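A closer look at the structure
If you want the building blocks of each chain, they are given just below.
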Amino acid sequence: MASHSRRDEDSQQDELEVLDPSFDDTGSFGPIDTVPRVHADFEGEPVVYGLETNKVDYEAKANRNKTIRMMAGGLLAAAAIVGFLMVAKPFAKPESGPRTEPVAARETTEEPEEQLEEQAEEPEATEPEAEVEQPEEETPETYTLPDQPAAEDIVQQARNLHFGDADVSVTTGDVTAEVIGGRVQVTNVLTDLNGVQAPALAGNAALRCAAIANAIGDRQVRGSGDTGAQDFVDVVWIVRNTDGDSFLAVMFPRGGAPTSGDGLAVLQQAPRYRLSDSLYYALGQSVQQEMGETPVDINNKYIWSTAEL
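Residues numbered from 1 in each chain as written. Predicted model: local features only at pLDDT ≥ 70, side-chain atom pairs only at ≥ 80, totals over all residues. Heavy atoms only, no water.

1. Digging into the sheet that holds strand E10 (residues 290-291)
Strand order in this open sheet of six strands is E3-E4-E7-E8-E9-E10, and the pairing throughout is mixed. Whereas interior strands pair on both sides, the edge strands pair on one side only; in this sheet they are strand E3 (174-180) and E10. In the sheet, E3 pairs with strand E4 (residues 183-189) via seven bridges, with the strands oriented antiparallel. By the bridge assignment for E4, isoleucine 180 is matched with arginine 183. (Pairing = 2+ DSSP bridges. Helix = DSSP H or I, 4+ residues; strand = E, 2+ residues; numbered from the N terminus.)

Shown next as structure tokens:
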């Protein structure tokens, strides 16, 4: 063991003697100076050391990326324009200029919505149905008196009465007739005086009296108490209220009744008539209250008109 230690010490001594005696090992250790900053003279992404990227390669890559971005942006813009045109086309105004399609077809496509709805509601065209003949409206025939009318015939005539072209039929109130000795008396009882006007009341009475006289004409009339038909003499028309009081009485003789004129004008052509005081004043005294001698009924009693309107 001692021999080996000796040889080791001799070997270390030999190595120390080989070193240059001028080598100074007394120096001190300190920080290494900072490596100077390198300035890059190109723009873009920084150079990653170890990837061997130079300036030329970097610019080429940047240009490619820029081109790709521009192409992508152009495609997006084109897609947006096409989409806008597709949405806006239905609202665009029709272009002016010559029409290329038939006018009839264009007008058909531009029909208003209301017309289209009406057409949609119309049923499909079917074969025309055979026309059903509508029955003609029957016009009422003018009543004609028999050759020898009695009281009931005259009442029927009063319900279907015309004076010239005017219909003067009695449609309201009650109407009765009496025939004695060739004389005819017709009584019209007004059961409702609401709305009755004085000119119509007096005028209609005159027209109806004249129409009855003209309808009988040259006929003979049959009375209830007569033994046979007798020549027609005259007719007196009386208008009464439900109390039996008369508003007026007007008389026309055989062959002496007018065939035209309005109500009050015909009244003034009567040879005999009398108005109640109330009716006379309601007419504004526009006609005489009495004409000729006071009319008499078929029993030859004077008819004193006293009813109030």
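2. Examining the packing of aromatic side chains
All chains considered together, the criterion is met by two aromatic pairs. Summarising the aromatic geometry, the rings of tyrosine 302 and tryptophan 304 are spaced 5.8 Å apart at their centres and angled 45 degrees between planes, so their arrangement reads as tilted. (Phe/Tyr/Trp six-rings, centres within 6.5 Å; stacked < 30°, edge-to-face > 60°.)

3. Observations regarding a negative patch on the surface
A grouping of Asp243, Asp245, Asp277 and Glu308 is seen on the molecular surface, where their side chains present a negatively charged patch. Mapped onto the elements, aspartate 243 comes out in the loop between strand E7 (234-240) and strand E8 (246-253). (Patch = residues over 30% accessible without salt bridge, like charges linked within 9 Å, V, L, I, M, F, W, Y side chains within 5 Å. Areas by Shrake-Rupley, 256 points an atom, 1.4 Å probe, with all protein chains shown as cover. Salt bridge = Lys/Arg side-chain N within 4 Å of Asp/Glu carboxyl O. Lys, Arg positive; Asp, Glu negative; His and termini not counted. Charge placed at Lys NZ, Arg CZ, Asp CG, Glu CD.)

4. A few points about the packing of helix H5 (residues 151-159) against helix H6 (residues 198-216)
What describes two packed helices is the angle between their axes and the distance between those same axes. Viewed as axis vectors pointing N to C, H5 and H6 meet at an angle of 125 degrees, and their least axial separation amounts to 11 Å. In this view, H5 runs oblique relative to H6, as classed from their interaxial angle. Considering only the axes of H5 and H6, their crossing is right-handed. Packed against H5, whose contacting residues are Ile154, Gln157 and Ala158, the element H6 presents Ile212, Ala215 and Ile216 at the interface. For the contact of H5 with H6, the class distribution of residues is five nonpolar, one polar and no charged. (Axes fitted to C-alpha atoms, helices over the stretch in contact; angles between N-to-C directions. Parallel < 35°, antiparallel > 145°, perpendicular 65-115°, else oblique. Left-handed = near helix turned anticlockwise from the far one by under 90°. Contact = heavy atoms within 4.5 Å. Nonpolar A, V, L, I, M, F, W, Y, C, P; charged D, E, K, R; others polar.)

5. Re a nonpolar patch on the surface
A surface patch of nonpolar side chains, about 340 Å² in accessible area, is lined by Ile81, Phe84 and Leu85. Note on phenylalanine 84: relative accessible area 57%, which makes it exposed. (Buried < 20%, exposed > 50% of the residue type's maximum accessible area, 1.4 Å probe, protein only.)

6. Some details on H6
End to end, H6 covers 28 Å across 19 residues, agreeing with the expected 27 Å (1.5 Å per residue, within 8%). Across the 19 residues that make up H6, a large majority, 14, are buried. (Expected span 1.5 Å × (residues − 1).)

7. A word on the pairing of E4
Across the seven residues of E4, seven count as buried, placing the element largely inside the fold. Of the two faces of E4, the one lined by Arg183, Gln185, Thr187 and Val189 and the one lined by Val184, Val186 and Asn188 are each fully buried. In sequence, E3 turns back onto E4 through a hairpin of two residues, with glycine 181 there showing a positive phi of about 55 degrees. Alignment of E4 against E7, held across seven bridges, turns out to be parallel. Of the residues in E7, the one forming a bridge with asparagine 188 is valine 239.

8. Topic: H5
Looking only at H5, the buried set comprises Ala151, Asp153, Ile154, Gln157 and Ala158. Projected down its long axis, H5 carries its buried residues within an arc of 160 degrees, all on one side. (Arc of directions from axis to C-beta.)

9. Digging into the nonpolar core
Counting 46 residues, the largest nonpolar core has Val184, Trp237, Leu248, Phe252, Leu267, Leu275 and Leu279 as the members making the most contacts within it. Setting aside anything within four residues of it in sequence, one finds leucine 267 in contact with Ala202, Ala206, Leu248, Val250, Tyr273, Leu275 and Val287. Counting five residues, the second largest nonpolar core, distinct from the first, contains Ile238, Ala249, Met251 and Ile303. (Core = buried A, V, L, I, M, F, W, Y, C linked by side-chain atoms within 4.5 Å.)

10. A look at the confidence of the model for the protein
Predicted coordinates in regions of low pLDDT should not be interpreted in detail. The share of residues in the protein with pLDDT of 70 or more is 63%, and the mean pLDDT across the chain is 77. Counted against residues more than four places away or in other chains, residues 96-109, with its pLDDT under 50, gives three contacts. (pLDDT = per-residue confidence, 0-100.)

11. Focus on the pattern of salt bridges
In the structure shown here, the tally under the stated rule is three salt bridges. A salt bridge links aspartate 218 to arginine 254, with the nearest nitrogen and oxygen atoms 3.5 Å apart. Placement of aspartate 218 in the loop between H6 and strand E5 (220-221) and of arginine 254 in the loop between E8 and helix H7 (263-267) is noted, with a sequence separation of 36 residues between them. Of the residues examined, aspartate 218 reaches a relative accessible area of 65% and is grouped as exposed.

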